[in-house]
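Residues per chain, in single letters:
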Amino acid sequence: MNNIKTITKLVFGTFMVASLGISAMHGHAAGFNKNNNINDGKVYSSIKFYDMVEHTKPTDVAKNFGTPDEVLILKAPEGEMAGVVWIYRDAVLKQHGMQDARFVLINGDLKYVTLSDAT
């Protein structure tokens, strides 16, 4: 009987410590992917943003701009995946507000980048 209480306390204690650790990492996917080398959460002026885009290779988008806030899959008419759209929310300053940046990658090539009003 004493062993059951001890085991219960141990399991409960482990659960509490684990939940505190997860909440400290913000409890979502971005919390698990924190890395000092990634520029997550940075905001750029439009001039700085386009300068960075001009000097970014398709393989370096995540390295230069961080983890995207959302990823959309583009499909070919046949149904297979043709590319992706990486969306960075509130990434670029405009005169009165923020803009989202969208990187369109098709077959591993950076085809174009668009800026749209933040949603």
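Owing to the predicted nature of the structure, the values given are computational and were not obtained by experimental measurement.

Basis of the calculations
- Residues numbered from 1 in each chain as written.
- Predicted model: local features only at pLDDT ≥ 70, side-chain atom pairs only at ≥ 80, totals over all residues.
- Heavy atoms only, no water.
- Core = buried A, V, L, I, M, F, W, Y, C linked by side-chain atoms within 4.5 Å.
- Buried < 20%, exposed > 50% of the residue type's maximum accessible area, 1.4 Å probe, protein only.
- Helix = DSSP H or I, 4+ residues; strand = E, 2+ residues; numbered from the N terminus.
- Contact = heavy atoms within 4.5 Å.
- Salt bridge = Lys/Arg side-chain N within 4 Å of Asp/Glu carboxyl O.

Caption draft 1: Quick look at the nonpolar core. Counting 14 residues, the largest nonpolar core has Phe 49, Val 53, Phe 65, Tyr 88, Ala 101 and Phe 103 as the members making the most contacts within it. Looking at this core, the elements that each hand over two or more residues are α3 (46-54), α4 (61-65), β3 (81-94) and β4 (97-106). A total of 4 residues in this core trace back to one element, the largest contributor, which is β3. With residues up to four places along the chain from it excluded, the contact list for Tyr 88 reads Val 61, Ala 62, Phe 65, Gly 66, Thr 67, Pro 68, Asp 69, Asp 100, Ala 101 and Phe 103.

Caption draft 2: Structural context of the pattern of salt bridges. Scanning the entire structure with this criterion turns up 3 salt bridges. Salt-bridge contacts for Arg 89 lead to Asp 100; the nearest nitrogen and oxygen are separated by 3.0 Å. Within this pair, whereas Arg 89 is found in strand β3, its partner Asp 100 is found in strand β4, the two being separated by 11 residues in sequence. For Arg 89, a relative accessible area of 28% corresponds to the partly exposed category. Residue Asp 100 is classed as buried on the basis of its relative accessible area, which comes to 0%. One salt bridge connects Asp 117 with Lys 94, and the closest N-O pair in it is separated by 2.5 Å. Taken together, the residues Asp 117 in strand β5 (residues 109-117) and Lys 94 in strand β3 connect sequence positions 23 residues apart. Overall, the relative accessible area of 48% leaves Asp 117 in the partly exposed class. A single salt-bridge network, built from bridges that share partners, covers Glu 70, Arg 89 and Asp 100.

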